[in-house]
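Results of the structural survey
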Amino acid sequence: MEPAPDLGPWTEAALAAALFAVDPVATGGVALRARPGPVREQWLADLHALLPAGMPRRKIPLHVADGRLLGGLDLPATLRAGRPVAERGLLAEADGGMVELAMAERVAGAPVAYLCAALDRGEVLVEREGLALSSPARLGVIALDEGAEDDEHVAGALLDRLAFHLDLSPIGIRDLGDGPYTAETIAAARDRLPEVHIAGAQVDALCAAALALGIASLRAPVFALRAARIAAALEGATEVSDRQVTLAARLVLAPRATVIPYVEPPETEPEPPQPEPPESDGESKSEIEDAPLADQVLEAAKAAIPAHLLAQLRLGGGRRQRARSIGKAGELRHASLRGRPAGVRRGELRPGDRLNLIETLRAAAPWQRLRRSEKGVRSLFDNENGARPKIEVRRDDFRIQRYKQRSETTAVFIVDASGSSALHRLAEAKGAVELLLADCYVRRDRVALVAFRGQGAEILLPPTRSLVRTKRSLADLPGGGGTPLAAGIETGLLLADAVKRRGGTPLLILLTDGRANVARRGEGGRAQAGEEALAGARRVRAEAIAALLVDTSPRPQPQAKALAEAMAAIYLPLPYADASRLSAAVKATAGL
Amino acid sequence: MPVPFPFSAIVGQEEMKLALLIGAVDPRIGGVLVFGDRGTGKSTAVRALAALLPRMRAVADCRYGCDPRADAAGLCEQCRARLESGPFKTRSVPVPVVDLPLGATEDRVIGALDLELALTRGEKAFEPGLLARAHRGFLYIDEVNLLEDHLVDALLDVAASGENLVEREGLSVRHPARFVLIGSGNPEEGELRPQLLDRFGLSVEVRTPEDLPTRVQVVRRRDEFERDPAAFTDKWRRKDGKIRQQITKAQAVLPEVGVADQALEQAARVCLALGTDGLRGELTLIRAARALAALEGEPEVGTAHLRRVAAPALRHRLRRDPLDESGSTARVERVVQELLA
């Protein structure tokens, strides 16, 4: 048996680039997590060198307009030609090639959906501005993820459609080297690819490994399968070897892992991996059970799970729960004058609306000839003696600027899951959080969840609108250990800061008994811990973040009260906190 | 247009497939919503259905593809005008399955002045939009939860009335637009507005299969299809043909399928126990059960039919309890267990 390959991170990244270069469409693309810098530049330059000359490459800037991305009416050309002239969008232009998505971690909503649709269908459908077009758009996507924080990721829907998720951040300049691939080897591999055969058992092994790693989406094993084939083609083979299968598992499956499979030492009877055991292994008509290849693939993938991911997984978080959800466009409140511009809509101009002049003129432009030839219809700008203006603008042309008001509230719950709390009140605290969550749901707030216990605090859930996920994270929250109150407040503040930077309004809801006994450094000591907690609380006040403190102790505690005062929070002892009180308190705090 | 994956080759996802077939048999069901995990083949299933649908007859030179058997109210203006002058000439057309791509502008969805004619000849003519194209067929919106609000409003209006009314540029056009709305999406990317949710007749939740053999089968079939789409489609042609026949037959017998008082009573009791708002739930439940009975060639709706369609017909109509993690499906199933044993 061939040993599982062990590649350095740069070699692995270079291999992913080569695999992508062989077949950009089938692999979907690469999510490239890296700060801009020489390493990323080198990777991209290497990739470009591998692609055939003349292959279209387009860059998609962060705030690309829908029309530019999808295509639409080319107004100047239309007016010049006197007939509708369509303009091809970036996606159609990149047909047969690739696009680079800049600052992919900040792209959400519509552009992500357009990209996903193009990746799924291999074509772009345009139904815009009087045009109905469908143009081929078979392409691969390089998503340049410059996210610095853990909760900044490429949108899940897009990530799911990209075979490779690379993290270049641990790679230094000294690690860079020349890859063994050239444009010629890539081209040869591309020609060979249709003949490459993969054995059924190898497919089974990849599927089994994906399941054992807790990867729900079925796109993952499909991508792994394709990657294995391409790897074989790249090495000049027409049969996929087991080594190439393990390689594919490392590259495609490992970065998607959400659980760490438990693999027994080889002598003992293998147990199904936890926590999602494949149930009916036994009846399977494909010989999956105990297949050494399956174990080998899994082992290889496991070895490739990045260390920081391992840490996250152990803490019970997991990528799956951390995946940032992208908000629904319509859910943002549309204010008429404030906020970020968010497209235009056609409609009557009402008081308080703002006309988008350019778009209105654009809308009016194609119809000028028609209107001029019409007799008897008065234009809005006809002057007294009936002379017509140069440009006829009518009511139908009005385009009204829409704005997204980004001041949505994000309620950050900071839950004390320490032993002192857990003993009596954790269940009740969870109940209280649920009551508050229901309230947040009504107001369409976003919710984030921080828990602290033992040595420190942890973000269980970055801001999300999914209450079901919140509730699930809450239900899984174990109790016990010390009370690192300061760490909890600090983590909450960090989140609040992130919310503010995105233009939202944070609201801290702290559920604790106030008895801090673990200092920020993770050491015990009541005095020190209490001091730090108060310091944190004062920062909350200084930063003018609205806060609510729910005292979870059986009898109201002076510490908790003092803490609430320090952070200028509304203080609510839990024994008296029923649904209506909690709700009223939140409303008061959030200023609603 | 790429070759669609054969409908009969889709592994599992029985509820989704059934809901789509019911929508094909009885368009009055009011649309199908498919919500669920990524990579579960939601779009694949809808596109597969499109390839499967039996052809239909349409008025030969009608731009809206009017139904030659429809009464005056269901026809477009031109066809209505010609109604007197004897039977229509007809042609066989495929059932339209129209994609509403995200980013579509309102003029293309609803219809507007024909840009080409306006520019080249200075003429004013109506250019039908996607709603017209979807008449008598399906309108498919992938990522329906990401659709812009003003488009959603326009859609709902038309879906409810079955008629599209366009008033712009001094043009006043009215044409029939009866379509089955199919929406799909991933709840993690944003929830659906309750008003929209309620308009869908059936709602299906899709999950990724969690057992290995099923997953292996999905991946293998996918791979086989990608390697040689034509051969794969050929291999499944007969099975697809069978389903097509099943739909045709069901459409023909649907009016004859009876609903006994007992079934009506059972449906009412289930809805009452679940506390669904309004009568729409009950109506959809009965209709879906009838379509199912028709699909299975049964002359009458039985308890078993009700049981199978109860969850898709009712789960999105329950008063929402955002924190009930067991979800609406479990609630429906509990009641069904009790009342439709």
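All figures in this text were calculated on a predicted structure; none of them were measured in a lab.

What follows concerns the overall build of chain B. Counting its secondary structure elements, chain B contains 14 helices and 11 strands. Whereas a compact globule of 341 residues would reach a radius of gyration of roughly 20 Å, chain B reaches 21 Å, a difference of no more than 12%. Here the C-alpha coordinates of chain B stretch approximately 65 × 50 × 40 Å along the principal axes. Looking at chain B alone, contacts between residues at least 24 apart form 75% of all its contacts between residues at least 6 apart.

All names here are of chain A. What the five strands build is an open sheet, ordered β2-β5-β8-β1-β9; its pairing is parallel. Two strands in the sheet have a free side with no partner beyond their single neighbour: β2 (57-60) and β9 (164-167). Across the sheet, the axes of successive neighbouring strands diverge by a mean angle of 15°, strand direction being ignored.

As a further point, take the domain arrangement of chain A. Once the domains are mapped, chain A shows domain 1 (1-194), domain 2 (196-276 + 286-328), domain 3 (334-383 + 390-404) and domain 4 (407-590). Each side of the interface is counted separately: domain 1 of chain A has 31 residues, and domain 2 of chain A has 30 residues.

Attention shifts here to the packing of helix α10 (residues 200-212) of chain A against helix α12 (residues 242-253) of chain A. Residue and element names in this part refer to chain A. Direction vectors running N to C along α10 and α12 enclose 30°, while the axes themselves pass 10 Å from each other. In this view, α10 runs roughly parallel relative to α12, as classed from their interaxial angle. α12 is crossed by α10, and the crossing has right-handed handedness. Residues Gln202, Ala205, Leu206, Ala209 and Ala210 of α10 form the contact with α12, whose own contacting residues are Asp242, Val245, Ala248, Ala249 and Leu253. Taken together, the residues of the contact of α10 with α12 sort by class into eight nonpolar, one polar and one charged.

A few words now on the interface of chain B and chain A. Counting residues at the interface gives 56 residues for chain B, matched by 69 residues for chain A. Elements represented by at least two residues in the side of chain B that touches chain A include exactly α4 (106-110), α5 (115-120), α7 (149-161) and α9 (212-227) of chain B. Per-element tally for the side of chain B that touches chain A: the top contributor is α9 of chain B, with nine residues. Broken down by class, the residue content of the side of chain B that touches chain A amounts to 18 nonpolar, 12 polar and 26 charged.

Before going further, it helps to spend a moment on the domain arrangement of chain B. Residues and elements named next belong to chain B. If you check the domain split of chain B, you get domain 1 (7-55 + 94-206) and domain 2 (255-339). The distance between the C-alpha centroids of domain 1 and domain 2 comes to 24 Å. Residue-level contacts link 18 residues of domain 1 with 13 residues of domain 2. Elements represented by at least two residues in the side of domain 1 that touches domain 2 include exactly α1 (14-25), α8 (194-199) and β11 (202-206). Among the elements that line the side of domain 1 that touches domain 2, the one with the most residues is α1, at five residues. Along the lines of polarity and charge, the residues of the side of domain 1 that touches domain 2 split into 10 nonpolar, three polar and five charged.

Looking now at the pairing of strand β15 (residues 456-464) of chain A. Residue and element names in this part refer to chain A. Summarising burial for β15: eight of the nine residues are buried, a large majority. Where strand β14 (residues 446-453) and β15 come together, six bridges link them in antiparallel fashion. Each residue of the ladder has a partner; that of Phe452, found in β15, is Ala457. Counting the residues that bridge the hairpin from β14 to β15 gives two residues, and of these Gly454 lies at a positive phi of roughly 60°.

Our next topic: helix α23 (residues 558-566) of chain A. All names here are of chain A. Residues of α23 that are buried: Ala560, Leu563 and Ala564. Summarising the axial view, the buried residues of α23 lie within an arc of 100°, below the 170-degree limit, and thus occupy one face. Considering only its buried residues, α23 is in contact with β16 (505-512), α22 (526-542), β17 (546-551) and β18 (570-573). Within two residues after α23, Ala568 carries a phi angle of roughly 55°, on the positive side.

Residues and elements named next belong to chain A. Examined against the element boundaries, Leu115 turns out to sit in helix α7 (residues 110-121). Taking the C-alpha atoms as reference, Leu115 lies 30 Å from Ile198; in sequence the two are 83 residues apart. When sequence neighbours within four positions are dropped, the list of residues in contact with Leu115 reads Val141 and Leu158.

The rules we used
Residues numbered from 1 in each chain as written. Chains lettered and ligands numbered in written order. Predicted model: local features only at pLDDT ≥ 70, side-chain atom pairs only at ≥ 80, totals over all residues. Helix = DSSP H or I, 4+ residues; strand = E, 2+ residues; numbered from the N terminus. Rg over C-alpha atoms; globule rule 2.2 N^0.38 Å. Contact = placed C-beta atoms within 7 Å. Pairing = 2+ DSSP bridges. Axes fitted to C-alpha atoms, helices over the stretch in contact; angles between N-to-C directions. Domains from an automatic or database assignment. Parallel < 35°, antiparallel > 145°, perpendicular 65-115°, else oblique. Left-handed = near helix turned anticlockwise from the far one by under 90°. Nonpolar A, V, L, I, M, F, W, Y, C, P; charged D, E, K, R; others polar. Buried ≥ 20, exposed ≤ 12 C-beta atoms within 10 Å, placed from the backbone. Arc of directions from axis to C-beta.

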